[in-house]
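Chain by chain, the residues run as shown.
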Amino acid sequence: MNKTEKVQVAKVDTTSGEYEFHVLDGTLGPSVIDISSLYGDTGQFTYDPGFTSTASCESKITYIDGEKGILLYRGYPIDQLAEQSNFIETAYLLLNGELPSLNDYEEFERAITNHTMVHEQLRNFYYGFRSDAHPMAIMCGVVGALSAFYHDSTDINDPYQRMVAGRRLIAKMPTIAAMAFKFSLGQPFVYPDNELDYTANFLNMCFALPALKHKVSPTLARALDKIFILHADHEQNASTSTVRLASSSGANPFAAIAAGIACLWGPAHGGANEAALNMLMEIGTADKIPEFIKRAKDKNDPFRLMGFGHRVYKNYDPRAKVMQQTCHEVLAELGIKDDPLLEVALELEKIALNDDYFVEKQLYPNIDFYSGITLKAMGFPTTMFTALFALARTVGWVAQWNEMIEDPSQRIGRPRQLYTGYAERTYKKRSER
Ligand code: CMC
């Protein structure tokens with residue numbers, strides 16, 4: 001499967017004349033007009049702040065149909081993977097393009113398990129942070145620092161080193177995130193336990209204590225594994241585009257993924273799960289909902305309904321459906337009945353889905369709407385939510401990074417601009433100003 005070239009020609013009228021550009025068709029989704037020769041032909045750029053009409057690359061990894069609410073990883077629907085696969089298998093799929101054979105699965109799982117420990121020196125980084133440091137601040141620093149520890153996997157032109165770097169990142173991210181959590185609690189770090197699977201090991205590193213063993217609930221481990229699958233990739237979102245742009249300069253993968261983590265942190269992206277839960281807590285009771293809905297609709301109030309709306313989904317986010325069900329499973333496993341936050345969330349969703357403002361603007365609940373309630377019930381503080389997102393998204397970042405490096409058309413990403421500053425002027429001495 002490759003893009004079909006030159007099937008049609010788009011005619012574009014510019015101030016300097018009429019030009020023809022090739023239209024390229026993918027397997028699914030809108031076709032694209034190849035304007036790479038536009039500047040050379042016309043001396044003009046395109047202008048698209050926020051990239052709302054721009055395909056920045058060709059990709060075979062993830063497909064989203066925002067109108068229909070469809071999300072496919074390598075062609076497989078997200079709900080099928082969440083229900084029938086596991087995170088490790090999904091990671092293999094995203095990285096390699098196909099579901100693994102039994103042998104391939106075992107080899108991949110063994111390799112990831114063997115890389116779960118971090119260099120002992122890396123612990124010292126944690127002690128340099130304040131105890132109230134946000135886990136995402138720690139993650140940005142520590143993941144970037146991996147490049148100072150694993151020199152043998154920073155040559156991006158060597159496919160073997162790339163594979164090792166990718167596996168290291170996926171394997172070490174739970175250890176790094178759990179260490180950030182433990183540090184914030186003032187508790188000792190818990191080493192990985194390679195007897196446990198990927199997600200159970202993460203829960204153990206978060207909740208065990210040297211003095212007190214932790215029995216990981218298989219139901220909670222399965223629920224979190226599903227959450228990881230839902231977050232594993234999402235085509236050219238802001239953080240993935242950041243990883244691609246950062247590594248387009250030839251930067252090493254640890255540095256590029258650290259850049260992705262920084263981007264993910266923002267409340268309009270990965271930070272929305274933290275913001276959504278804070279919002280539900282602020283609303284507190286269902287009778288306050290109309291007040292918040294009113295604020296969300298007020299153009300003069302910067303408040304937005306967190307966990308609602310999406311740049312691509314103009315329908316119910318397919319991940320939110322699975323997330324809502326997972327939320328119920330987790331609360332049932334933990335014996336949490338009549339959770340006030342869930343009540344507020346369900347009522348808010350009902351009201352918003354029937355409100356003209358949200359209906360007209362096609363603002364549906366996104367994945368972050370229910371993930372916060374679920375993660376909180378599992379025992380994670382809000383500050384850890386985005387760190388868990390980063391852990392899972394690392395798989396997508398690595399897959400997209402690899403795809404970019406292997407793409408023969410890959411060049412350094414270098415957007416241009418519409419300059420509206422001063423035209424040339426003459427420098428005046430300070431004494432003359
Ligand atoms: N509450 C109230 N109004 C909203 C909301 C919201 N959550 N989201 C969008 N709008 C309005 C917005 O004010 C604008 O109105 P108008 O056309 O009158 O100016 C219109 O809807 C379009 O919004 P936009 O900001 O132009 O849309 P966007 O595609 O640039 O932004 C978004 C998408 C996700 C940043 C935005 O919907 C938002 O801020 N949502 C809340 C944050 C959130 O939940 N983010 C998580 C996204 S899912 C996780 C991930 O994939 O990273």
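Residues numbered from 1 in each chain as written. Predicted model: local features only at pLDDT ≥ 70, side-chain atom pairs only at ≥ 80, totals over all residues. Heavy atoms only, no water.

Re the overall build of the chain
Part 1: Along its length, the chain carries 18 helices and six strands.
Part 2: The globule rule puts the C-alpha radius of gyration for 433 residues at 22 Å, and the 23 Å found for the chain is close to it.
Part 3: Overall, the C-alpha framework of the chain stretches about 75 × 65 × 55 Å when taken along its three principal axes.
Part 4: When burial is assessed residue by residue, the chain has 47% of its 433 residues classed as buried.
Part 5: Taking the contacts inside the chain whose residues are at least 6 apart along the sequence as the reference set, 70% of them involve residues at least 24 apart.
Part 6: Accessible area for the chain stands at about 22100 Å²; split by element, carbon and sulfur atoms hold 51% of it.
Part 7: Counting 42 positive and 53 negative side-chain charges, the chain places the averaged centre of each group 7 Å from the other. (Helix = DSSP H or I, 4+ residues; strand = E, 2+ residues; numbered from the N terminus. Rg over C-alpha atoms; globule rule 2.2 N^0.38 Å. Buried < 20%, exposed > 50% of the residue type's maximum accessible area, 1.4 Å probe, protein only. Contact = heavy atoms within 4.5 Å. Areas by Shrake-Rupley, 256 points an atom, 1.4 Å probe, with all protein chains shown as cover. Lys, Arg positive; Asp, Glu negative; His and termini not counted. Charge placed at Lys NZ, Arg CZ, Asp CG, Glu CD.)

Side note on the packing of aromatic side chains
Part 1: Taken as a whole, this structure holds 19 aromatic pairs when the rule is applied.
Part 2: Between F181 and F207 the ring centres are 5.7 Å apart and the planes differ by 75°, which places this aromatic pair in the edge-to-face class. Here F181, found in helix 7 (residues 159-185), pairs with F207, found in helix 8 (residues 198-207); they are 26 residues apart in sequence, far enough to count as distant.
Part 3: In this structure F181 comes out as buried when scored by relative accessible area, which is 3%.
Part 4: Relative to F369, the ring of F308 lies with its centre 5.1 Å away and its plane at 75°, an arrangement referred to as edge-to-face. (Phe/Tyr/Trp six-rings, centres within 6.5 Å; stacked < 30°, edge-to-face > 60°.)

Some remarks on the pairing of strand 2 (residues 17-25)
Part 1: Here strand 2 pairs with strand 3 (residues 32-33) via two bridges, running antiparallel. In the sheet register, V23 faces strand 3, and the bridge partner there is I33. (Pairing = 2+ DSSP bridges.)

A short note on helix 14 (residues 318-333)
Part 1: Taking 1.5 Å per residue as the helical rise, helix 14 with its 16 residues ought to reach 22 Å, and the 23 Å between its terminal C-alpha atoms agrees with that figure.
Part 2: For helix 14, the complete set of buried residues consists of P318, R319, A320, V322, M323, T326, C327, V330 and L331.
Part 3: On its buried side, helix 14 packs onto strand 5 (70-73), helix 2 (78-84), helix 9 (218-231), helix 15 (340-353), helix 17 (368-378) and helix 18 (382-406).
Part 4: Immediately beyond the C-terminal end of helix 14, within one or two residues, lies G335, with a positive phi of roughly 65°. (Expected span 1.5 Å × (residues − 1).)

Quick notes on empty space enclosed by the protein
Part 1: Considering all chains together, one arrives at three cavities of 30 Å³ or more under this definition.
Part 2: Lining of the largest cavity is provided by M117, V118, H119, E120, R123, T175, M179, F189, V190, Y191 and P192.
Part 3: Classifying every residue of the lining of the largest cavity gives seven nonpolar, two polar and two charged.
Part 4: Space inside the second largest cavity adds up to approximately 70 Å³.
Part 5: Around the second largest cavity sit I88, E109, I112, T113, T116, L196, D197, Y198 and N201, which together line it.
Part 6: Looking at the lining of the second largest cavity, the elements that each hand over two or more residues are helix 4 (102-114) and helix 8.
Part 7: The greatest single-element share of the lining of the second largest cavity, amounting to three residues, is contributed by helix 4.
Part 8: Split by residue class, the lining of the second largest cavity holds four nonpolar, three polar and two charged. (1 Å grid on protein atoms, 1.4 Å probe; cavity = no way out; pocket = protein on both sides within 12 Å on 5 of 7 lines; lining within 4 Å. Points joined across faces, edges and corners; volume = space filled by probe spheres on them. Nonpolar A, V, L, I, M, F, W, Y, C, P; charged D, E, K, R; others polar.)

What to know about the pairing of strand 4 (residues 62-65)
Part 1: Inspection of the sheet shows strand 4 paired to strand 5 by four bridges, in the antiparallel sense. Residue pairing across strands places Y63 opposite L72, the latter belonging to strand 5.
Part 2: Between strand 4 and strand 5, which pair antiparallel in sequence order, lie four residues; one of them, G69, sits at a positive phi of approximately 70°.

Concerning the layout of surface pockets
Part 1: Roughly 540 Å³ of internal volume is contained in the second largest pocket.
Part 2: Lining the second largest pocket are 23 residues; nearest its centre among them are R74, L95, N402, E403 and E406.
Part 3: Among the secondary structure elements, those contributing two or more residues to the lining of the second largest pocket are helix 3 (87-96), helix 4, helix 7 and helix 18.
Part 4: Tallied by class, the residues present in the lining of the second largest pocket amount to eight nonpolar, six polar and nine charged.

Notes on the site of the ligand
Part 1: The immediate surroundings of the ligand are formed by 20 residues, with H269, K299, L305, R311 and K361 found nearest.
Part 2: Here an oxygen atom of the ligand sits 2.6 Å away from a polar atom, N or O, in the side chain of H269.
Part 3: Notes on the ligand: free accessible area 940 Å², of which the protein chains cover 75%.
Part 4: Of the residues contributing to the shell around the ligand, the split by class is eight nonpolar, six polar and six charged. (Near = heavy atom within 4 Å. Polar contact = N/O pair within 3.5 Å; in protein donor to acceptor, adjacent residues only side chain to side chain.)

Considerations on the packing of helix 7 against helix 8
Part 1: Interaxial distance between helix 7 and helix 8 falls to 8 Å at its minimum, and their mutual angle equals 20°. Taken together, the axes of helix 7 and helix 8 are roughly parallel relative to one another. Handedness of the crossing formed by helix 7 with helix 8: right-handed. Contacts from I170, A171, P174, T175, A177, A178, F181 and K182 in helix 7 reach Y198, F202, M205, C206 and F207 in helix 8.
Part 2: Taken together, the residues of the contact of helix 7 with helix 8 break down into 11 nonpolar, one polar and one charged. (Axes fitted to C-alpha atoms, helices over the stretch in contact; angles between N-to-C directions. Parallel < 35°, antiparallel > 145°, perpendicular 65-115°, else oblique. Left-handed = near helix turned anticlockwise from the far one by under 90°.)

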